[in-house]
Amino acid sequence: MLENIRESSQGMAAKIILGLVILTFALAGIGSYTNSTDTSVADVNGEKISLQDFNKAYQAQRNNMQQQYGEMFETLAADQTYMANFRNGVVDSLINQRLVDQNSANLAIRVSDDRIKKTILTMPEFQVDGVFDNNRYLALINQAGFYQSSDFRDYLRLEMSRRQLTQALVLSEFSLPYQSTMIAELQNQTRDIRFASIGLEQFKSSVEITDEEINNFYQENQERFLNQEKVKVNYITLNVEDIAKNIVVSDDDVKAFYEENINDFGDEEQRRISHILIEVDEDEDAAKAQAESILAQINAGGDFAELAKQYSSDTFSGENGGDLDWLERGSMDEVFDEQAFALAEIGDVSNVVQTEYGFHLIKLTDLKPAVVQPLTEVFDDLKIRISKQKAQEEFYVLQQEMARLSFEFPDSLDDAAEAVNTQVKTSEWLSRNNNTGVFSNVRAIDAAFSDLVLNEQLNSDVIEVSDSLAIVVRLNEYQAANVKPLAEVTEAIKYNLVAEKAKTEAQNVMDELLVEMQSGADITAKLVEYGTAFETKADVVRYSPEVAPAIVEKAFTLPHPVEGTVSAGLSDLANGDFVLVEVQAVKNMEAKLSSDIENQQVNQLAQSAYLAYVESLKEDASITKNTLVPSVN
């Protein structure tokens, strides 16, 4: 089919049509060849949550985590299990949000256009000096990714509808006085405890694993040993920085640019101006005569500032002797501006000047001459600036040529590479996530795994990685997802089986010790046999930083000790070790009531109510959650 197209495209008319088509593709982006592929991360009652929505939410939450935890987050991000749970948490949040939005629509919750407008006008983010500023509004929403004001209004309407429903739910919660008292008592309660932990390592040496056990585990857990599908691609890049290296900028180019943009290289002349304004009421001649009379007094030695205070209709400046502060050319009425900048010396006063506001007397009180950086000071910077500007212009031209040739010759990148003076490169093996360099960009990876590249084995569309970088990729080699051979994972399986058996044995030992302890026996000697002993802590608080969280949590969930019984239980630590915890005494401290405790109780009740509400929506919902959630670097 491609050969037929090429043979039919040799005529001049066909080439013109083809050129127009290619230009359209280059400017607007060729339509996706993977429309038939479902890339959504979930389906909620027939509504899909797109990969784009997921990426946006994931990146926002990831940025919040980075700000909150700083460098520590990099350690967390290196843990694949943690990040997989993190990504699944983002999907769960999006599902909950979509359920709430659907329920809002079912309940016919609406936000009127008038309310949207009033909300925007009163948002402090869009105000300058307490007044709504449309330019600031447009700039901020564009910065946030809303390129049409209607897009922002739709977003705000959705958020307000969502908030209206959730607030109606959570604001109905309240805390009774006795509940606050109970919370305060529980928060101030302390416990005397003792605990002993037994490590797993001492049990591992006696564990034996057979080949049959390894093989059975391998067969029963194939999904744990999958190699992701991978692709290796050939690709070409078009980079503004590379283009700039070959741009020649002459001295004349720099000089011409400097002269055309001279205002960018210094400060304009500034003048401090005072004026006296005589407004025109009904009698223009009388107003003009008054202005001429004041001018005569000034010429006779009268004090301009005092006369401004006495006669000027501009009372604000008049109180300051007519001072209008520093002005640049073009900042006032055209006639006023012309006269103000025509005054030659400090202290000069104009003749009577008429504007639409009335009759003015204008005085020059101070002067800052224009200051311009000489060309020699900015020459090197300008040369780089011009080089980048020319490179950016050439980048757009070459990008269209790269799009044309990679489409016209879809079986090779050589023609496009030669046209844009670059080399065809080959990537490392790429997976659908956790790639580096240019392939950390989600659009580049989507193209590498698209039907166009994988199945049709054609050149991809031009992928705009950024404003200064574009690439085209084609398939070099593909590796389908497959199960790792047993030999490759035997050691990992053996390690897991040893750990599981050791944990089971340790659990059995701890269960026996717990039973003996609860029967009143002294287990101190047996603990010594396992290389441990009881450690005692008095007055442990609920959120003690001195004791492992798992131990504290267990201690505060155990019942109060009663004479004749032992209040004890088991827990496991973050490192996998088991710990035996006994509560020896519970001390109830005096409750200290505060508004914070009451607010905390209300917030907890509201959160529980919201979660219960979402869970009730899930019960009646049809939710499909994709197994694999793409990662975003």
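Residues numbered from 1 in each chain as written. Predicted model: local features only at pLDDT ≥ 70, side-chain atom pairs only at ≥ 80, totals over all residues. Heavy atoms only, no water.

Engineer: Help me out: how do you make sense of the pattern of salt bridges in this one?
Structural biologist: Opposite charge on two side chains makes pairing possible when the charged atoms of those side chains draw close. Evaluated as defined, the whole model comprises 22 salt bridges. Put simply, Glu 582 and Arg 194 hold a salt bridge, and the shortest N to O gap is 2.5 Å. A residue pair is termed long-range when its members are at least 10 positions apart, and Glu 582 in strand β20 (residues 578–587) and Arg 194 in strand β5 (residues 190–198) qualify at 388 residues. Here Glu 582 falls in the buried class, since its relative accessible area comes to 10%. Look at Arg 194 and you get partly exposed, because its relative accessible area is 22%. In this structure, Glu 306 and Lys 309 form a salt bridge, with 3.9 Å as the shortest nitrogen-oxygen distance. Of this pair, Glu 306 and Lys 309 both sit in helix α15 (residues 304–311), separated by three residues, roughly a single helical turn. On the basis of relative accessible area, Glu 306 is assigned to the partly exposed category, the value being 47%. Members of the salt-bridge network, linked through shared partners, are Glu 47, Asp 53 and Arg 98. (Salt bridge = Lys/Arg side-chain N within 4 Å of Asp/Glu carboxyl O. Helix = DSSP H or I, 4+ residues; strand = E, 2+ residues; numbered from the N terminus. Buried < 20%, exposed > 50% of the residue type's maximum accessible area, 1.4 Å probe, protein only.)

Engineer: Just checking my understanding: could you explain the pairing of strand β7 (residues 230–239) for this structure?
Structural biologist: When a strand is regular, its side chains alternate between the sheet's two faces. Most of β7 sits inside the fold, with nine of its ten residues counted as buried. Across ten bridges, the pairing between β7 and strand β16 (residues 469–479) is antiparallel. Looking across to β16, one finds that Leu 238 is bridged to Ala 470. One ladder, built from two bridges, connects β7 with strand β14 (residues 425–426); its direction is antiparallel. Note on β14: the bridge partner recorded for Asn 234 is Thr 426. (Pairing = 2+ DSSP bridges.)

Engineer: How should the environment of Ile 276 be read in this particular structure?
Structural biologist: Locating Ile 276 in the fold gives a position in strand β9 (residues 270–278). Residue classification places Ile 276 among the buried residues on the basis of a relative accessible area of 1%. Put simply, Ile 276 and Ile 362 are 86 residues apart on the chain and 6.8 Å apart in space, counted from C-alpha to C-alpha. Not counting residues within four places of it along the chain, the set of residues in contact with Ile 276 comprises Ile 294, Ile 298, Phe 304, Leu 307, Ala 308, Ser 312, Phe 359, His 360 and Leu 361. (Contact = heavy atoms within 4.5 Å.)

Engineer: Could you clarify how one ought to interpret the pairing of strand β19 (residues 567–572) in this entry?
Structural biologist: Counting buried residues along β19, five of its six residues qualify, which places the element largely inside the surrounding structure. Pairing of β19 with β20 involves six bridges; the strand directions are antiparallel. Directly across from Gly 569, in β20, lies its bridge partner Val 581. Between β19 and the antiparallel strand that follows it, β20, lie five residues; Gly 576 among them carries a positive phi value of about 95 degrees.

Engineer: Explain the confidence of the model for the protein chain here, please?
Structural biologist: When pLDDT is low, close inspection of the predicted coordinates is not appropriate. Residues of the protein chain with pLDDT of at least 70 account for 87%, and the chain-wide mean is 83. Of all the helices and strands in the protein chain, helix α1 (residues 2–8) carries the lowest mean pLDDT, 36, while β14 carries the highest, 96. Below pLDDT 50 for its whole length, residues 1–36 participates in 35 contacts with residues either more than four positions away or in separate chains. For residues 628–633, every residue scores under 50 in pLDDT, and the model assigns this stretch 21 contacts once sequence neighbours within four places are set aside. (pLDDT = per-residue confidence, 0-100.)

Engineer: What is the right way to look at the sheet that holds strand β12 (residues 358–368) in this model?
Structural biologist: In a beta sheet, neighbouring strands are held together by backbone hydrogen bonds and run either parallel or antiparallel to one another. Overall, antiparallel pairing links the four strands, which are arranged β10-β9-β12-β11 in an open sheet. Each edge of the open sheet is held by one strand with a lone partner, namely β10 (323–328) and β11 (353–355). Averaged over all adjacent pairs, the angle separating strand axes in this sheet is 45 degrees, with direction ignored. Bridge count between β11 and β12: three bridges; the pairing is antiparallel. Within β12, the position partnered with Val 353 by the bridge is His 360. Contacting β9 and β12, α15 crosses the sheet at an angle of about 45 degrees to β9. (Axes fitted to C-alpha atoms, helices over the stretch in contact; angles between N-to-C directions.)

Engineer: Whenever I open this one, α15 confuses me. Can you help?
Structural biologist: Each turn of an α-helix holds 3.6 residues, which means side chains three or four residues apart point in the same direction. Where α15 is concerned, the buried positions are Phe 304, Leu 307 and Ala 308. Viewed along the axis of α15, the buried residues span an arc of 105 degrees, placing them on a single side of the element. Tucked into the core, α15 has its buried residues touching β9, α14 (284–299), α16 (315–318) and β12. Residue Asp 303 occupies the N-cap position of α15, its side-chain oxygen lying 3.0 Å from the main-chain nitrogen of Ala 305. (Arc of directions from axis to C-beta. Polar contact = N/O pair within 3.5 Å; in protein donor to acceptor, adjacent residues only side chain to side chain.)

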